[in-house]
Each structure stands twice: as C-alpha cells, then as structure tokens.
Amino acid sequence: MCYYNGVKVTKSEFIRLKSIEKIVAKYDFLNKPLHVGFDYNLAPVLKRIEGEEDFDIVQMEWGFLPTPNKWPFIKTREDAAKMRFGYKDDKGKFNTPITTLNAVSEEMLLPNKMYRDAALNRRCLVLSTGFYEWRHVHGTNKKTGAPLKTAVKYPYRIKVKDQEYFYMAGIWNPWTDSETGEHVETFSIITTAANSLMKQIHNSKERQPTILTEDLAWEWLFGDLSEDRITEIGKYQFPAEEMEVYTLPKDFREALDPTECFDYAELPGLELMA
Amino acid sequence: MVQQNEIFDLEFGTGKIRVERFEIPEQTFFKVEFSNGIPSLTLLRATRINDEKFWTSVPEGRQKLAEQVGPLIQEYYLSKTKETCVTTTV
C-alpha cells in the first residue's frame, strides 16, 4: 500500500497516478490547445529512478542491444540490423538472426548470457493492454485423414481480466552507436512457461510473457533481489483463469482497430479448465 | 496521444474557473484555470484502497483544492446528464 496526496491507495493506483504525473510534466500538454503525441503503442516502459522508490515512464526500443564490447559486439546500427535480421557473410553463408525481443527467465542469469547484467541491475516494467499470439492448427488430409504438415495460424489477443493494463517483467540496456553517437535504451520482455490456456494458444513454443501481479511488479522494479529471487519472479506464471482471450482477423495488424474480435467457425474451442 | 475534448466555465466561490478536459488512452484529466490568480490545477478521479473514488491533484500537493474543485466538475457532468434525459423524454 502507498499514499498519494495523503490518501491510502493500492500500489497499482499509485503507479497509475505517478505515470500520469510523468506525462503531464514531461509533455506539458496542458499549455497546448490540441494534440501532443504520446504514442503508447510504441513501447512504454517504467524505469526506476536510481536509488529511489520512484520511476520514469519512458519509451524504449523493443529488442535488447547488448553492450558493444560484449558478444555479439553490436557497435553500429548496421551491426544491429545484421543481428536482428540475419545476413550473408563474404562467403555467401547466411548467418541466422539473433532475436532479443524476449529473454528466457530460466536462462537469463546464466554466466555469459547477454542479459545477465541487465537482469541483475536494470529491471523494468513493460506496460501492456494486451498481447498477441498465434495458435497453430493442423488440419487433416481430406482423403487420407493424415494430419497436414503446414499449420493454419489463428491470431489471438490475450488480456488480463478486469484490468485496463498490466505489467510485464522486462530488462533494459543503454546502447550507443559508436559511429553516429546515437543513444537509445533497449529492452527485452521476460518469458516463462505457458500456463494451461497459453499452452493451447502459443502451442508452437508453449511460452508466455511474464505478467506480474502488482506486488511482484513492485518487487521487480524496486526490490534488492537475490539471483534466486530474480529467477523466481521471472518465472512467475500468470494464471490462466485471470486471462481473457479472443480471436482476431488474420490481417488484424492492418485493421483500423486491431483489437476487434473475429470468430472462426472452423476453429476448435479452447479447453478453459486446467 | 493526448486529446482535448471540452472547455467549460463554472462558478467557484466568488470567482470563476475554466475547466479543460483532456483524454489519453483510458484516462481523463482536467486542467483548471482560476480567475482569482490561484495557479492552475490538474486533477483527476482516483481510487482509495477501499475502492472509494476521490479527486486528487497531479502532481501531489494540492489535495484540498482538488477536493473542492472536483465535485463541481462532477456536478457539471451530472447536470448535463439530467438535461439529456429531459430532452430525450419530452
């Protein structure tokens, strides 16, 4: 529990009020007559103000870029693009991408992992109103009845019941382009094993983002945590019964309202009980 | 995205206040300008630990004023609702 203006409020309400405070202060929108851009969709992240039980709400680049002097030695934007999208080397061999959108909670603290230092020292919370995953459904051959190799992918939107937004555990890293001097803060979302519902939706990987309760979010951001506790919180599996899911059109990313529900008559239902 | 929606004037004590309503995703705030030289106030509805709603200032520090001005804004919207009801039932 916390106090805001002397009134006892929950931690999540405190975070909400402090977030609004940051927006008001940072963008000074109140002195302007109409619109001021603040695109939440980009990547709003709650970042601790060092040494204080307070935070800044900032926008960070999703896709962790490690410190340049450590493997895989990303020194420039060109290096970053190669890492993210893969590239052909001088001999024509394709080097596969290294994806850093997510950090696996069970492995992030292992020695030599690029995420280790950030997990120990730069934890953050990623604000979200919902996330998307694809369910892979294998049809059957009409003649033989054998399962088809290629799956049909159905997009789902996943929310937390009765919450407008929620917090995902994240870690962040500052990064500077050694040629241009461009400085950005980048982040990765922590993932954990999928719960009974997410196992059915994200059935190709059986993982889910680490969604935190308000107490765990507080601890993740402000706690002086042991390695065991960091891993323990990172592995927290948000319960299936507190999630709400629905299907979306396959082209939802291009839709005016990408959150609009779409039903598929042919899609088997989900087993909602664990 | 912050969007300004509405501006309206209200009586406050012996003076007037000008209220501007702002929206960001799933949040509403009000900025209040006072005619008697009091510095402008930003306020919004928040929730106590016992789920009761209350008016508060952002940033912190002007709770008393928020509790005086907030109910006037609430009353303004309630009276608007009543007007709408009267109109639609005639």
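Bear in mind the structure is a predicted one, so any value in this text is a computation, not a measurement. The residue count restarts for each chain, going from 1 along the sequence in the order it is written. Each chain gets a letter, beginning with A, and each ligand a number, beginning with 1, in the order they are written. Owing to the predicted nature of the model, reporting of local features is limited to residues with pLDDT of at least 70; listing and counting of side-chain atom pairs is limited to 80 or more, with chain, interface and lining totals taken over all residues.

## Section: the overall build of chain B
(1) Moving on: What counts as a helix is a DSSP run of H or I of at least four residues, what counts as a strand is a run of E of at least two, and both are numbered from the N terminus. The secondary structure content of chain B amounts to 1 helix and 5 strands.
(2) Moving on: For chain B, the N- to C-terminal ordering of α and β elements is β-β-β-β-β-α.
(3) Moving on: Placing C-beta atoms from the backbone, we regard two residues as in contact once those atoms come within 7 Å. Pairs at least 24 residues apart make up 16% of the contacts formed inside chain B by residues separated by at least 6 positions.

## So, the overall build of chain A
(1) Moving on: Assigned secondary structure in chain A consists of 6 helices and 16 strands.
(2) Moving on: Three classes are used. A residue is buried when 20 or more other C-beta atoms lie within 10 Å of its own, exposed when 12 or fewer do, and partly exposed in between, with C-beta atoms placed from the backbone. Scored against the burial criterion, the 274 residues of chain A give a buried share of 27%.
(3) Moving on: Within chain A, contacts between residues separated by at least 24 positions form 60% of all contacts whose residues are at least 6 apart in sequence.

## A word on the nonpolar core
Residue and element names in this part refer to chain A.
(1) Moving on: As used here, a nonpolar core is made of buried Ala, Val, Leu, Ile, Met, Phe, Trp, Tyr and Cys residues. They are joined through C-beta atoms within 7 Å. Counting 56 residues, the largest nonpolar core has Leu125 and Ile171 as the members making the most contacts within it.
(2) Moving on: It is strand 12 (residues 166–176) that contributes the most residues to this core, 7 residues altogether.
(3) Moving on: In this view, Ile171 contacts Ala103, Tyr115, Ala118, Ala119, Arg122, Arg123, Cys124, Phe187, Ser188 and Ile190; residues no more than four positions away in its chain are not counted.
(4) Moving on: By size, the runner-up hydrophobic cluster in this structure holds 7 residues, among which are Tyr156, Leu197, Ala240 and Leu248.

## Describing helix 6 (residues 227–234) of chain A
Residues and elements named next belong to chain A.
(1) Moving on: When helix 6 is considered as a whole, its buried residues turn out to be Ile230, Ile233 and Gly234. Projected down its long axis, helix 6 shows its buried positions confined to an angular sector of 100°, all on one face.
(2) Moving on: In the core, the buried residues of helix 6 are packed alongside helix 3 (116–121), strand 12, strand 13 (183–193) and helix 5 (214–222). Directions pointing from the helix axis toward each C-beta atom define the arc.

## Considering the sheet that holds strand 11 (residues 152–160) of chain A
Residues and elements named next belong to chain A.
(1) Moving on: Pairing between strands is defined by DSSP: at least two bridges between the two strands are required. Here we have 3 strands laid out as an open sheet, ordered 10-11-16, and antiparallel in their pairing. Both edges of this open sheet fall to strand 10 (131–137) and strand 16 (243–247), since each of them pairs with a single strand only. Looking at each pair of strands side by side, their axes are set apart by 35° on average, direction ignored.
(2) Moving on: In terms of strand pairing, strand 11 meets strand 16 through 5 bridges, oriented antiparallel. Opposite Tyr156, over in strand 16, you have Thr247 as the bridge partner. Lines fitted to C-alpha atoms define the axes here, with helix axes fitted over just the stretch in contact, and angles between the N-to-C directions of these axes take values from 0 to 180 degrees.

## Observations concerning the environment of Phe85(A)
(1) Moving on: Residue placement: Phe85(A) occurs in helix 2 (residues 77–85).
(2) Moving on: Linking Phe85(A) and Thr99(A), residues 14 residues apart in sequence, is a C-alpha distance of 8.3 Å.

## Digging into the confidence of the model for chain B
All names here are of chain B.
(1) Moving on: Residues with a pLDDT of 70 or more make up 82% of chain B, whose mean pLDDT is 83.
(2) Moving on: Per-element confidence in chain B is highest for strand 5 (residues 53–57), whose mean pLDDT is 94, and lowest for strand 1 (residues 3–12), whose mean pLDDT is 80.
(3) Moving on: Both scores are given for the predicted complex: the pTM is 0.67, the ipTM 0.80. Here pLDDT means the predictor's own confidence in every residue, given as a number from 0 to 100.

## A word on helix 5 of chain A
Residue and element names in this part refer to chain A.
(1) Moving on: Within the span of helix 5, buried status applies to Ala217, Trp220 and Leu221. Seen end-on, helix 5 carries its buried residues on one side only, within an arc spanning 90°.
(2) Moving on: Elements that come into contact with the buried residues of helix 5 comprise strand 3 (44–48), strand 4 (55–59), strand 9 (123–128), strand 12, strand 15 (211–212) and helix 6.

## Examining the pairing of strand 5 of chain B
All names here are of chain B.
(1) Moving on: Direction of pairing for strand 4 (residues 41–47) relative to strand 5: antiparallel, over a ladder of 5 bridges. Paired with Thr47 across the strands is Lys53, a residue of strand 5.
(2) Moving on: Linking strand 4 to strand 5, which pair antiparallel, is a turn of 5 residues; within it Asp51 sits at a positive phi near 75°.

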